[in-house]
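# Architecture at a glance
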Amino acid sequence: MIQPRSWLPTPLMSILLLIVWLLMVRSIAFGHLLLGGLLAVVIPLVTHRFWDAQPHVKKPRLLLRFALRVLGDIVTANLQVAWLIINPWRRLRPHFVEYPLMLENRFTITLLANTISLTPGTVSANLRLDGKSLLIHALDVEDDDALIETIRERYERPLKEIYEC
């Protein structure tokens with residue numbers, strides 16, 4: 001892995017900025033490469049002090065498995081939501097659920113909230129100020145406890161193991 005330097009605090013972000021710049025201008029002329037490279041170095045230098053510390057991934061293989069699980073859940077949830085929409089005789093049971101958090105790190109809580117919101121049919125609506133619970137709205141809920149246990153087992157426990165152990 002590339003170690004950050006004081007003149008290049010986030011090398012991967014700098015590479016991404018250069019690529020995005022070149023895609024935006026749709027040219028790889030020398031002037032565009034030079035300007036994109038300059039921006040890719042200067043922007044992270046100017047803004048890195050405003051960022052939180054980068055999380056350390058303790059188990060990269062588990063992170064890959066988590067990402068694949070989330071992608072699979074997104075596809076499955078899309079099909080379930082489509083089925084709910086095309087069946088007008090099925091009564092939806094929308095519901096807000098207060099989800100008690102085991103996570104303590106702000107980054108992992110944000111990652112969990114985003115994962116929940118990415119999955120169609122659920123959205124994380126609010127995080128309590130004390131950071132102890134998350135308010136989740138689900139499109140069709142049979143049992144609050146079953147939803148809480150599903151989120152805990154599929155998303156929260158792996159995130160805790162990946163980042164906070």
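The structure reproduced in this document is the subject of the present report. (Residues numbered from 1 in each chain as written. Predicted model: local features only at pLDDT ≥ 70, side-chain atom pairs only at ≥ 80, totals over all residues. Heavy atoms only, no water.)

## Concerning the side chain of Thr-115
- Looking at the element boundaries, Thr-115 is found in helix 4 (residues 106-118).
- The exposure class assigned to Thr-115 is buried, which follows from its relative accessible area of 4%.
- Each residue touching Thr-115, except ones within four places of it in the same chain, is listed here: Phe-66, Val-70 and Tyr-155. (Helix = DSSP H or I, 4+ residues; strand = E, 2+ residues; numbered from the N terminus. Buried < 20%, exposed > 50% of the residue type's maximum accessible area, 1.4 Å probe, protein only. Contact = heavy atoms within 4.5 Å.)

## A closer look at the environment of Trp-7
- Tracing the backbone shows Trp-7 in the segment before helix 1 (11-25).
- Relative accessible area serves as the criterion here: at 49%, Trp-7 is assigned to the partly exposed category.
- Note: C-alpha distance between Trp-7 and Pro-44 (37 residues apart in sequence) is 9.1 Å.
- Every residue in contact with Trp-7, bar those within four places of it in the chain, is listed here: Val-41 and Leu-45.

## Focus: the pairing of strand 3 (residues 133-138)
- Strand direction decides the pairing type here: strand 1 (residues 95-100) and strand 3, joined by 6 bridges, are antiparallel. Bridge assignment links Pro-100 to a residue of strand 3, and that residue is Ser-133.
- When strand 2 (residues 122-127) meets strand 3, the two strands line up antiparallel, connected through 5 bridges. Across the sheet, Asn-126 pairs through a bridge with Leu-135, a residue of strand 3.
- Between the antiparallel neighbours strand 2 and strand 3 lie 5 residues, among them Gly-131 with a positive phi of about 70°. (Pairing = 2+ DSSP bridges.)

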